[in-house]
Amino acid sequence: PTTFKSPSTKKINPTRSIRYSSGKYSEPTEFILNPEMTSEGIRYMSMISSTEIATCSFNSEIVSVYSITDLDNVLYTLSEHTKQVNIILPLKYSSTPMIVTGSSDSTIVAWNISTRSMINKLTDGSKCEIVSIIEISKNTIASSSFWSVRFWDIEQGTEKFVLLGHSRDIINLININDTVIASASRDSCIKLWDVNKKEEIFTVYSSKSMCPIIQID
């Protein structure tokens, strides 16, 4: 039988490094990211193109972008937020390469990653931390806002509508299909919503505080 070499057992700091493997059975290579950008540990990481990874650190308002072929050096940075960046989301429906970032400063920033510049900044009037964002359709995204889900027009920079129903902070949003999304909250509920009808479909209750939900298919 074929024997595959196990990954290196040397000790690393997992909050300040990325392990990257070029193949299914190849040994991962460890890259220590720029210490100035990751002094507090990596808060979030996202593949924003076929060749680039974007990261944000705890307590940092800066998004650092790396090439997957050179994770030792920052390729460029994006900086328009004033508080910690919590999420980085590539937009698949956009005609130009775009990402959006959500921050504890209550703003969402849309970026053109080809020009490395800001397209628009959306401000949540409820002054909440933006911790979850999903793409709904071209130019439309949804974000968690305390106990509500807010829908935004990226191009116009305006709020479209709000869905209410949770009694505590929403911690996660996912797409179920083209018209249905799900929200998970600290009120121990998962709610499914019909985006077109702008109404709740049904609620799943949990006996314990809710953890983030993920889409597996």
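Located above this text is the structure these notes cover.
Since the model is a prediction, treat every value here as computed from it, not as a measurement.

Criteria and cut-off values
- Within each chain, residue numbers correspond to sequence positions counted from 1 in written order.
- Local features in a predicted model are, by the rule used here, given only for residues with pLDDT of at least 70; side-chain atom pairs are given and counted only at 80 or more, and totals for whole chains, interfaces and linings are based on all residues.
- Water and hydrogen atoms were dropped before computing side-chain values, which therefore reflect all heavy atoms in the structure.
- Under the DSSP-based scheme used, a helix requires at least four consecutive residues in state H or I and a strand at least two consecutive residues in state E, with every element numbered from the N terminus.
- Each residue's exposure class comes from its accessible area (1.4 Å probe, protein chains only) as a fraction of the maximum for that residue type: buried when under 20%, exposed when over 50%, partly exposed otherwise.
- Residue burial considers only the protein chains on display, and all accessible areas are found by Shrake-Rupley using a 1.4 Å probe.
- Pairing of aromatic rings covers Phe, Tyr and Trp, the last counted by its six-membered ring, and requires centre-to-centre distances within 6.5 Å; plane angles under 30 degrees mean stacked, over 60 mean edge-to-face, and any other angle means tilted.
- When DSSP finds at least two bridges between two strands, those strands are taken to pair.
- Axis definition: a line fitted to C-alpha atoms, over the contacting stretch in the case of helices. Angles run 0 to 180 degrees between N-to-C directions.
- Take the buried Ala, Val, Leu, Ile, Met, Phe, Trp, Tyr and Cys residues and link them wherever side-chain atoms come within 4.5 Å; each set so joined is a nonpolar core.
- Contacts are residue-level and defined by heavy atoms, with any inter-residue pair within 4.5 Å sufficient.
- Two N or O atoms count as a polar contact when they lie within 3.5 Å, although within protein this holds only if one can serve as hydrogen donor and the other as acceptor, and sequence-adjacent residues are included solely when both atoms are side-chain atoms.

Engineer: I would appreciate a short explanation of the overall build of the protein chain in the present structure.
Structural biologist: For the protein chain, the helix and strand inventory stands at zero helices and 18 strands. Across the 217 residues that make up the protein chain, the buried fraction comes to 46%. Looking at the protein chain as shown, the accessible area adds up to about 11700 Å², and 50% of this sits on carbon and sulfur atoms.

Engineer: Help me out: how do you make sense of the packing of aromatic side chains in this one?
Structural biologist: The description of an aromatic ring pair rests on the distance of the ring centres and on the angle between the ring planes. Tallied over the entire structure, the rule returns two aromatic pairs. An angle of 25 degrees between the planes, with centres 5.8 Å apart, marks the rings of Phe-146 and Trp-147 as stacked. Among the residues examined, Trp-147 registers a relative accessible area of 44% and is labelled partly exposed. Consider the rings of Phe-151 and Phe-161, whose centres lie 4.2 Å apart with planes at 15 degrees: the pair is stacked. A residue pair is termed long-range when its members are at least 10 positions apart, and Phe-151 in strand 13 (residues 148-153) and Phe-161 in strand 14 (residues 158-164) qualify at ten residues. Like Phe-151, the residue Phe-161 is buried in the burial classification.

Engineer: How do you make sense of the sheet that holds strand 18 (residues 199-205) when you look at a structure like this?
Structural biologist: In a beta sheet, neighbouring strands pair by backbone hydrogen bonds and run either parallel or antiparallel. Spatially, four strands are ordered 15-16-17-18 in an open sheet, and the strand pairing comes out antiparallel. Sheet topology places strand 15 (170-175) and strand 18 at the edges, where each strand pairs with a single neighbour. Sheet twist, expressed as the mean angle between neighbouring strand axes with direction ignored, is 20 degrees. Sheet topology note: the strand 16 (residues 180-185)/strand 17 (residues 189-194) ladder contains five bridges and is antiparallel. Within strand 17, the position partnered with Val-180 by the bridge is Asp-194.

Engineer: Got a minute to help me understand the nonpolar core in this structure?
Structural biologist: Generally speaking, a soluble globular protein has its nonpolar side chains buried in company with each other. Ranked by internal contacts, the top residues of the largest apolar core, which has 14 residues, are Leu-91, Val-100, Ile-108, Ile-133, Ile-141 and Ile-154. For this core, the secondary structure elements donating two or more residues are strand 7 (85-91), strand 8 (98-103) and strand 9 (107-112). Residue contributions to this core peak at three residues, all from strand 7. Ignoring anything within four residues of it in the chain, the contact list for Ile-154 reads Leu-91, Met-98, Val-100, Ala-110, Asn-120, Asn-139, Thr-140 and Ile-141.

Engineer: How do you make sense of the side chain of Ser-148 when you look at a structure like this?
Structural biologist: Relative to the helices and strands, Ser-148 resides in strand 13. Among the polar contacts made by the side chain of Ser-148, one reaches the main-chain carbonyl oxygen of Ser-145 at a distance of 2.8 Å. With residues near it in sequence (within four places) discarded, Ser-148 still touches Ser-143, Val-162, Leu-163, Leu-164 and Ile-170.

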